[in-house]
Amino acid sequence: GYSPRAVSRASAVGLWQFMAPTAQGFGMRVTPLLDERRDPYKSTDAATDFLRSLRGQFGSWFLALAAYNSGPNRVARIMRRYAPMVPGSDSLYWALRHPRPRETGDFVPKFLAAVEVGSHPRVYGFQEPEGALGFYFEAVSVPDATTLDVVAQAAEVSQDEIERLNPEVVRGITPPGR
């Protein structure tokens, strides 16, 4: 559901379901107080960088999506075992459909279906969006180790609103020294 608070059974977190080591490899901080996998801006930038690097590694967007879903090591291992010396391609993704996990086999077709529906919503019974459904906010600096209830009080909004706008702050307090 593209929730910043989503957590998979494998402990992937955020909109783009990053595992902690991958997130840290793409410059996001994951600490007991701050989990930038939940930050929609930082995680989206990291997700596009990660997909771009996977596309370069595997030579195929389909293989890149499969690697994003199940991990690059698993896709590389499947390719070495079932298609050694074969360059990556979209047709190779389809040829290797049986040795990969079912969830990954479903991921790419679901992704492609979402792209198709999003590209032609009326054809599939959806209304076209009437513009971006964004939200407006101001970024402010606060002293380190400030609790979000204090931030909410100073901003004259609810603590729930501050937490919604700052999903990366996981314990209700800004990190010390930051």
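Rules used throughout
- Residues numbered from 1 in each chain as written.
- Predicted model: local features only at pLDDT ≥ 70, side-chain atom pairs only at ≥ 80, totals over all residues.
- Heavy atoms only, no water.
- Helix = DSSP H or I, 4+ residues; strand = E, 2+ residues; numbered from the N terminus.
- Buried < 20%, exposed > 50% of the residue type's maximum accessible area, 1.4 Å probe, protein only.
- Contact = heavy atoms within 4.5 Å.
- Areas by Shrake-Rupley, 256 points an atom, 1.4 Å probe, with all protein chains shown as cover.
- Lys, Arg positive; Asp, Glu negative; His and termini not counted.
- Charge placed at Lys NZ, Arg CZ, Asp CG, Glu CD.
- Phe/Tyr/Trp six-rings, centres within 6.5 Å; stacked < 30°, edge-to-face > 60°.
- Lys NZ or Arg CZ within 6 Å of the ring centre and 35° of its normal.

Undergrad: Help me understand the overall build of the protein chain, please; the structure alone is not making it clear to me.
TA: Counting its regular elements, the protein chain contains eight helices and zero strands. When the helices and strands of the protein chain are placed in sequence order, the string is α-α-α-α-α-α-α-α. Taking the principal axes of the C-alpha coordinates as reference, the protein chain spans close to 60 × 40 × 25 Å. Residue burial in the protein chain is summarised as follows: out of 178 residues, 30% are buried. Of the contacts formed within the protein chain by residues at least 6 apart in sequence, a portion of 50% connects residues at least 24 apart. Put simply, the protein chain shows about 11,800 Å² of open surface, and 56% of that area lies on carbon and sulfur atoms. Within the protein chain, the 19 negative side-chain charges are centred at a point lying 14 Å from the centre of the 20 positive side-chain charges.

Undergrad: Looking at this model, I keep getting lost on the environment of Ala-23. Mind explaining?
TA: By the element assignment, Ala-23 lies in helix α1 (residues 20–25). Ala-23 gets classed as buried once you look at its relative accessible area, which sits at 0%. Separated by 83 residues in sequence, Ala-23 and Asp-106 have C-alpha atoms that sit 24 Å apart. Apart from residues lying up to four places away in sequence, Ala-23 is in contact with Phe-18, Met-28, Val-30 and Arg-37.

Undergrad: How do you make sense of the packing of aromatic side chains when you look at a structure like this?
TA: For any pair of aromatic rings, the description consists of the separation of the ring centres together with the inter-plane angle of the planes. Overall, the coordinates contain nine aromatic pairs when judged by the stated rule. Residues Phe-26 and Phe-50 carry aromatic rings whose centres are separated by 5.1 Å and whose planes lie at 55° to one another, so their mutual orientation is tilted. One end of the pair, Phe-26, is in the loop between α1 and α2 (40–58); the other, Phe-50, is in helix α2, and 24 residues separate them in sequence. Geometrically, the ring pair formed by Phe-107 and Phe-111 is tilted, given 6.4 Å between the ring centres and 35° between the ring planes. Of this pair, Phe-107 and Phe-111 both sit in helix α6 (residues 102–119), four residues apart, roughly one helical turn. The class of Phe-107 is partly exposed, set by a relative accessible area of 26%. These aromatic residues form a ring-pair network of at least three members: Phe-18, Phe-26, Phe-50 and Tyr-68. Stacked on the ring of Tyr-93, the Lys or Arg Arg-100 has its end atom at 3.8 Å from the ring centre.

Read these as spatial facts, not as claims about activity.
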